[in-house]
Amino acid sequence: MKVFIVYAHPEPKSFNGAMKDRALLAFERAGHEVKISDLYEMKFKCTIDGDDFPARANPVQLQIPFEQEEAYHSGSTAADILAEQQKLIWADLILFQFPLWLYSQPAILKGWMERVFSSGFAHEVSARSDARRWFEKGGLRGRRALLSFTCAGAATAYEPTGRHGDINRILWPIHNALRYAGLDILPPFIAYSVLRGGDAARLEILDRFEAAMKNIEIAAPLGFHGLADYDDAHQLREGVVPMTAGQWRGSL
Ligand SMILES: Cc1cc2nc3c(=O)[nH]c(=O)nc-3n(C[C@H](O)[C@H](O)[C@H](O)COP(=O)(O)O)c2cc1C
């Protein structure tokens, strides 16, 4: 298997650094090929702006999805974005390793996703395409993705009635963004309470993580609704039972 690790932490001695090293060890021991993008070390540009499109198709106004598609189809995608897209195409599994910051991925990883999962490459829903390429028809279909992240908060705080709220709902935007590109999403590996518990607790997490990565080839993906589950108004069809945190039908 070919594994692409996207790692977002500025400190190599961090717990996230230790998790990235453990994943690498587990994958190499299992005979997998691994590529890593260490976003801070690469100083990866994490904002989309006009500099991404030196050969602007529309010099009057920057319309990002349009420019991304033009760049993709004309072969003029910025070199740093193209290099990441080639790693995604190469991979069978993409592992994201990051700390949970403000209930989300760190800005550098969010920006990597905005630039690399570009229109044309990861998905295309514009007038240019005959059929929309998104969700199970997305550009990265056939590949799997997994979020591995650390939190200061305790597991109980991320239960549906916990202080921080249901972790599945917190992860929904990231998971659905990956699904939008066609990826199958594996259940996340979540390291809770990493700032408490000391070395023994951290070692236990690393061992559990290594064991999980060893068996990752047989992990079953999370369920997502297929395109056929929705009607023309993008609503779940009558009778389809919501199965994800995104389509949760609760009231406050
Ligand atoms: C900017 C920032 C935002 C954070 N937000 C959260 C959060 O939303 N939830 C949480 O559980 N921990 C949060 N934390 C704590 C980090 O998740 C924690 O420091 C990290 O997971 C520890 O891993 P590390 O040792 O590899 O940095 C935040 C930390 C920082 C610096």
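Residues numbered from 1 in each chain as written. Predicted model: local features only at pLDDT ≥ 70, side-chain atom pairs only at ≥ 80, totals over all residues.

**A look at the overall build of the protein chain**
For the protein chain, the count of helices and strands is six helices and six strands. For the protein chain, the sequential pattern of α-helices and β-strands runs β-α-β-α-α-β-α-β-α-β-β-α. Taking 2.2 N^0.38 as the reference for a compact globule, 252 residues should give roughly 18 Å; the C-alpha atoms of the protein chain span a radius of gyration of 19 Å, in line with that estimate. Each principal axis of the C-alpha atoms in the protein chain carries an extent, and together these give about 55 × 45 × 35 Å. When burial is assessed residue by residue, the protein chain has 33% of its 252 residues classed as buried. Across the protein chain, contacts joining residues at least 24 apart in sequence account for 73% of those joining residues at least 6 apart. (Helix = DSSP H or I, 4+ residues; strand = E, 2+ residues; numbered from the N terminus. Rg over C-alpha atoms; globule rule 2.2 N^0.38 Å. Buried ≥ 20, exposed ≤ 12 C-beta atoms within 10 Å, placed from the backbone. Contact = placed C-beta atoms within 7 Å.)

**Some remarks on the site of the ligand**
Taken together, 15 residues surround the ligand, and among them Ser 14, Pro 99, Thr 150, Cys 151 and Gly 153 come closest. The residue makeup of the shell around the ligand, split by class, is ten nonpolar, five polar and no charged. (Near = placed C-beta within 6 Å. Nonpolar A, V, L, I, M, F, W, Y, C, P; charged D, E, K, R; others polar.)

**Considerations on helix H4 (residues 107–116)**
Of all the residues in H4, the buried ones are Leu 109, Trp 112, Arg 115 and Val 116. For H4, the angular spread of the buried residues around the axis is 130°, confining them to a single face. Buried residues belonging to H4 abut strand S1 (2–7), helix H3 (79–90) and strand S3 (93–99). (Arc of directions from axis to C-beta.)

**As for the packing of helix H1 (residues 15–29) against helix H6 (residues 198–214)**
When two helices pack together, you describe them by how their axes are tilted relative to each other and by the distance separating the axes. Axis separation between H1 and H6 bottoms out at 9 Å; the angle between their running directions is 35°. Between H1 and H6 lies a crossing whose hand is right-handed. Side by side, H1 and H6 meet where Phe 15, Ala 18, Met 19, Arg 22, Ala 23, Leu 25, Ala 26 and Phe 27 of the first sit next to Arg 202, Leu 206, Phe 209, Glu 210, Met 213 and Lys 214 of the second. Classifying every residue of the contact of H1 with H6 gives ten nonpolar, no polar and four charged. (Axes fitted to C-alpha atoms, helices over the stretch in contact; angles between N-to-C directions. Left-handed = near helix turned anticlockwise from the far one by under 90°.)

**Focus: the nonpolar core**
Residues Val 6, Ile 94 and Leu 95 are the most contacted members of the largest nonpolar core, which totals 52 residues. Each residue touching Ile 94, except ones within four places of it in the same chain, is listed here: Phe 4, Val 6, Leu 88, Arg 143 and Ala 145. (Core = buried A, V, L, I, M, F, W, Y, C linked by C-beta atoms within 7 Å.)

**A short note on the pairing of S3**
Moving residue by residue along a regular strand, the side chains alternate between the two faces of the sheet. Of all seven residues that make up S3, seven are buried, and the element is covered over most of its length. Of the two faces of S3, the one holding Leu 93, Leu 95, Gln 97 and Pro 99 and the one holding Ile 94, Phe 96 and Phe 98 are both buried throughout. As paired strands, S1 and S3 are joined by five bridges and run parallel to one another. Following the sheet pairing, Val 3 is matched in S3 by Leu 93. Sheet topology places S3 next to strand S4 (residues 144–150); seven bridges connect them, and they run parallel. Bridging from a neighbouring strand, Gln 97 pairs with Ser 148 of S4. (Pairing = 2+ DSSP bridges.)

**A word on the packing of H3 against H4**
With their axes 10 Å apart at the nearest point, H3 and H4 run at an angle of 90° to one another. Judged on the interaxial angle alone, H4 and H3 are roughly perpendicular. Here Ile 81, Glu 84 and Gln 85 of H3 come into contact with H4, specifically with Trp 112, Arg 115 and Val 116. Grouping the constituent residues of the contact of H3 with H4 by class yields three nonpolar, one polar and two charged. (Parallel < 35°, antiparallel > 145°, perpendicular 65-115°, else oblique.)

**A closer look at the environment of Phe 121**
For Phe 121, the position within the fold is in the loop between H4 and S4. Not counting residues up to four positions away in its chain, the partners in contact with Phe 121 are Tyr 72, Gln 85 and Gly 139.

**So, the environment of Lys 43**
Structurally, the position occupied by Lys 43 is in the loop between strand S2 (33–38) and helix H2 (64–74). Remark: the alpha-carbon pair of Lys 43 and Ile 108, spanning 65 residues in sequence, is separated by 8.9 Å.

**Topic: H1**
An ideal rise of 1.5 Å per residue puts 21 Å on 15 residues; H1 measures up with 21 Å between its terminal C-alpha atoms. Within H1, burial applies to Asn 16, Met 19, Lys 20, Ala 23, Ala 26 and Phe 27. One side of H1 holds all its buried residues, which, seen down the axis, span an arc of 130°. H1 presents Glu 28 and Arg 29 as exposed residues on the side facing more than 90 degrees away from its buried surface. Where H1 is buried, its residues meet S1, S2, S3, S4 and H6. Downstream of H1 by a residue or two, Gly 31 has a phi angle that is positive, lying close to 85°. (Expected span 1.5 Å × (residues − 1).)

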